[in-house]
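# Examination of the molecular architecture
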Amino acid sequence: MKKTLSLLVLCMLVLALAACGSNKGGSNGSNAGSNAGSNGGANNGGTKASFKAGMVTDSGTIDDKSFNQGTWEGLERAKKELGIDDKYLKPAGTTEADYLKEIGNLYDAGFKMIVVPGFKFETAIFAAQDKYKDAKFVLIDGSPHTAEDPTPKVGENTVSIFFAEHESGFIAGVATALQLKEGEAGFIGGMEIPPVQKYNWGFQQGVKYANDNLGTKLNIKKENVVYQGSFDNSAAGGQLAAQMYDRGVNVIFTAAGGVGVGAINEAKTRVKAGKTAWIIGVDGDQYQEGVYEGDKSVILTSAMKKVSEASFDMVKANQEGSFPGGQTLTFDIKNDGVGIPDKNPNLADETVTKVNDVIAKLKSGEIKVAAEQGSLIK
């Protein structure tokens, strides 16, 4: 009997120890999994809770070297670094109904974060932020409002993002004047809307600043500042650029999406024929778009607003639970949201040094750039 009891107690002890070991192992396994997820997120950003972030394009293409592409590159970066799923849809047209249809298609497919580029989405996002309250929306270069009332209403599930294009244009204007020193400059805009206008006005101010303070003599005439009226008419962009070059212009700042691509192509054709024809790119670094031989490009520099960074930052904020819903954010020179590319193969070292001095003065507030037309051209 004692022997039986002893065996019974021994078995119970073994089972208890096994149970403790199992519980302990389960606890460690849970912690290890948690730590691995935490450390993995810190190391490669890919092990945090994944979600779907989508994009609806505007009238341009996803590889427009401009706004659509910049927005999409931000999502692609988030896919690589944060482990999200991404997708873009191109609407059949540019009406509010067209945009809402694709927003709805993304939502129905499980994409509860949607990023859209441009003011054309303002009324669509106004409707979507109320219809899809459990989704997050990022509207770049616009504020949600109704067709009848332009008063902005940024919902708690929406972030509205703007850029200081005038500062970016100013820096590009200074760099252009410093590098070319003299000659005639032109500007081709797409639609005559605030972001495009601010690029133009900033560029004019930058050229003037360089002429007044840095010994340059670059001129801008009224007939060489034009808005084509769209962002997708490449042929028209080429024609406008040809007319300006024929009038003696040697550098054109294009803030015009696909229209600007047409101007770039015209510049490449002229350079191949032995003529001088420079382009200032826009939104992103368009150097590669201007390559005409080897690694030579007609892009002198680019006035950038870092759309891809804004897109990526909002996805990251959402993933981390810090999405700034209900806010309107501005990316400017002080937070490095605008500027020119870090690498400018067509700018001399002396030019870059002087431009960096100007950027420092912009950041300190010593130089201020107006976001309004005032006495400037158009």
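Scroll up to find the structure this text is about.
Rules and cut-offs
- Residues numbered from 1 in each chain as written.
- Predicted model: local features only at pLDDT ≥ 70, side-chain atom pairs only at ≥ 80, totals over all residues.
- Heavy atoms only, no water.
- Pairing = 2+ DSSP bridges.
- Helix = DSSP H or I, 4+ residues; strand = E, 2+ residues; numbered from the N terminus.
- Axes fitted to C-alpha atoms, helices over the stretch in contact; angles between N-to-C directions.
- Core = buried A, V, L, I, M, F, W, Y, C linked by side-chain atoms within 4.5 Å.
- Buried < 20%, exposed > 50% of the residue type's maximum accessible area, 1.4 Å probe, protein only.
- Contact = heavy atoms within 4.5 Å.
- 1 Å grid on protein atoms, 1.4 Å probe; cavity = no way out; pocket = protein on both sides within 12 Å on 5 of 7 lines; lining within 4 Å.
- Points joined across faces, edges and corners; volume = space filled by probe spheres on them.
- Nonpolar A, V, L, I, M, F, W, Y, C, P; charged D, E, K, R; others polar.
- Salt bridge = Lys/Arg side-chain N within 4 Å of Asp/Glu carboxyl O.

## What to know about the pairing of strand S7 (residues 217-227)
Bridge analysis of strand S6 (residues 182-189) against S7 gives 7 bridges, and the strand direction is parallel. Residue pairing in the sheet places Phe-187 in a bridge with Val-225 of S7.

## Description of the sheet that holds strand S2 (residues 85-89)
Here we have 6 strands laid out as an open sheet, ordered S2-S1-S3-S4-S5-S13, and parallel in their pairing. Edge positions in the sheet fall to S2 and strand S13 (328-331), since each of these pairs with one other strand and no more. In this sheet, neighbouring strand axes are inclined to one another by 20° on average, regardless of whether the strands run parallel or antiparallel. Pairing of strand S1 (residues 52-56) with strand S3 (residues 113-117) involves 3 bridges; the strand directions are parallel. Paired with Ala-53 across the two strands is Met-113, which belongs to S3.

## Notes on the nonpolar core
The biggest cluster of nonpolar side chains holds 64 residues, and the ones touching the most others in it are Ile-161 and Val-315. Among the elements that line this core, the one with the most residues is helix H5 (residues 165-180), at 7 residues. In contact with Val-315, not counting residues within four places along its chain, are Phe-51, Ala-53, Leu-75, Ala-78, Leu-82, Ile-84 and Met-113. Membership of the second largest hydrophobic core comes to 19 residues, among which are Val-226, Tyr-245, Ala-256 and Val-271.

## Some details on empty space enclosed by the protein
According to the stated counting rule, one finds 1 cavity of 30 Å³ or more in the structure shown. Estimates place the volume of the largest cavity at around 300 Å³. Together, 23 residues line the largest cavity, and Asp-58, Phe-67, Ile-193, Phe-231 and Asp-283 are the ones closest to its centre. Of all the secondary-structure elements, those providing two or more residues to the lining of the largest cavity are helix H6 (194-213) and strand S9 (278-283). Counting residues per element, the lining of the largest cavity draws most heavily on H6, which supplies 3 residues. Class assignment of the residues belonging to the lining of the largest cavity gives a composition of 11 nonpolar, 6 polar and 6 charged.

## As for the pattern of salt bridges
This structure, assessed with the given rule, holds 13 salt bridges. In this structure, Lys-112 and Asp-134 form a salt bridge, with 3.4 Å as the shortest nitrogen-oxygen distance. In this pair, Lys-112 sits in the loop between helix H3 (96-108) and S3 while Asp-134 sits in the loop between helix H4 (122-131) and strand S4 (136-140), placing the two residues 22 residues apart along the sequence. Note on Asp-134: relative accessible area 44%, which makes it partly exposed. Close ionic contact of Lys-354 with Glu-350 constitutes a salt bridge, the shortest N to O distance being 3.3 Å.

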